[in-house]
Amino acid sequence: AVSVDVEGVVRSNFNSTTSDASQDASIDSLADLVSTDGPVKLVAESGSITIESGSDSAFGIEAGGDILLEARGTSHDVIVNGNLESFTGHVTLTAVDDIDLNGSLSTGGDGTVYLLAGNDLVDATNPEVDGINLDGSITTVDGDVLVDSVDAIRQTANITSTTGDIGLLAGGRIEQDANGDITSVNGDVLIDAGGDWTMAGDAVVSVGGQDLLGRSGGTITLGVLRVTNDSANRVGLEAVGSIVDGN
């Protein structure tokens, strides 16, 4: 809660007496941030943003329109511990330093998802990485998903789109653990790492649209690459180092 008590104010009366003129006010803590028809946009000019689960549900934010969470300044993060849901809008998370997604993120219709981390401070503690940590799922219907990190991307939860394309771009390494699957039922997938791209042996990248393109400035360690349309799907892999099977 936020409270202010302007106390110690004394009124001087005509009859040579005094009386207390203090005032106070308070507002309860914000929870269950909901905009049924409109957007929700939070910008910290010089600070981090942390979204927790609401008091009435697992959702941190629900919006009928767009969702924007932006941390500006120096060395500030966007940390999402509660679920984010937009009914049909675009969801954007951008931080001058790191993004840590622990709750689920979803949008419907043509809504897209865009995550951008500038990573201007080396401050991650294992197992997390400097850049973007995806420990919560991302889901779209017709909209694309783009996850863009100046440094690394670590994925431990599903990214799924029905008809949208999915892209992971990292200046450093990309890591997918056993639960870090990527599925585009009718779209394409791009994975582009400046460093190594490492998949756990049973991590799956599944493409049903047309192309799956993977590039690495280091070594590619593969889990499972799956195409669902033998006649239309194409897979292209390119690495500065080796391309090896992680199974």
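Remember, it's a predicted structure, so these values are computed and weren't measured experimentally. (Residues numbered from 1 in each chain as written. Predicted model: local features only at pLDDT ≥ 70, side-chain atom pairs only at ≥ 80, totals over all residues. Heavy atoms only, no water.)

## Some words on the pairing of strand 21 (residues 166–170)
- Counting buried positions over the 5 residues of strand 21 gives 4, a clear majority of the element.
- Relative to strand 21, strand 18 (residues 145–149) runs parallel, the two being bridged by 5 bridges. Bridged to L146 within strand 21 is G167.
- Where strand 21 and strand 24 (residues 189–193) come together, 5 bridges link them in parallel fashion. Counterpart to L168 in the pairing with strand 24 is I191. (Buried < 20%, exposed > 50% of the residue type's maximum accessible area, 1.4 Å probe, protein only. Helix = DSSP H or I, 4+ residues; strand = E, 2+ residues; numbered from the N terminus. Pairing = 2+ DSSP bridges.)

## Side note on the environment of S22
- One can find S22 in the loop between strand 3 (18–20) and strand 4 (23–27).
- Distance from S22 to T140, taken between C-alpha atoms, is 53 Å for residues 118 residues apart in sequence.
- When residues no more than four places from it in sequence are discounted, the contact partners of S22 are V6, E7, G8 and V9.
- Only 3.1 Å separates the side chain of S22 from the backbone nitrogen of G8, close enough to count as a polar contact. (Contact = heavy atoms within 4.5 Å. Polar contact = N/O pair within 3.5 Å; in protein donor to acceptor, adjacent residues only side chain to side chain.)

## What about unusual backbone geometry?
- The backbone of S75 sits at a positive phi, close to 60 degrees, despite the residue not being glycine.
- Within the fold, S75 resides in the loop between strand 9 (67–71) and strand 10 (78–80).
- Classification of S75 as partly exposed rests on a relative accessible area of 24%.
- One non-glycine residue, N119, lies in the positive phi region at around 50 degrees.

## What about the nonpolar core?
- Of all hydrophobic cores here, the largest spans 44 residues; its most connected members are L115 and I138.
- Ignoring anything within four residues of it in the chain, the contact list for L115 reads L93, I99, L105, I132, L134, I138, L146, V147 and D148. (Core = buried A, V, L, I, M, F, W, Y, C linked by side-chain atoms within 4.5 Å.)

## Notes on the sheet that holds strand 21
- Spatial ordering of the open sheet is given by 6-9-12-15-18-21-24-27-30, a layout of 9 strands whose pairing is parallel. Strands with a single pairing partner mark the edges of an open sheet, and in this sheet they are strand 6 (40–44) and strand 30 (234–239). For this sheet, the mean angle separating the axes of adjacent strands, direction not counted, is 0 degrees.
- Sheet topology places strand 9 next to strand 12 (residues 91–95); 5 bridges connect them, and they run parallel. Bridged to L69 within strand 12 is L93. (Axes fitted to C-alpha atoms, helices over the stretch in contact; angles between N-to-C directions.)

## Looking at the pattern of salt bridges
- Summed over all chains, the structure comprises 6 salt bridges.
- Residues R154 and D135 are paired through a salt bridge, measuring 3.1 Å at the closest nitrogen-oxygen approach. With a gap of 19 residues between them, R154 in strand 19 (residues 152–155) and D135 in the loop between strand 16 (131–134) and strand 17 (138–140) connect regions that are remote in the sequence.
- A relative accessible area of 22% places D135 in the partly exposed class. (Salt bridge = Lys/Arg side-chain N within 4 Å of Asp/Glu carboxyl O.)

## Considerations on the sheet that holds strand 23 (residues 182–184)
- Read across the sheet, 9 strands follow the order 5-8-11-14-17-20-23-26-29 without closing on themselves; strand pairing throughout is parallel. Unpaired on one side and paired on the other, strand 5 (33–35) and strand 29 (224–227) mark the two borders of the sheet. Each strand of the sheet is rotated relative to its neighbour by a mean of 5 degrees, with strand direction disregarded.
- Of the pairings in the sheet, the one linking strand 14 (residues 105–107) to strand 17 comprises 2 bridges and is parallel in character. Among the inter-strand pairings, S106 is bridged to a residue of strand 17, identified as T139.

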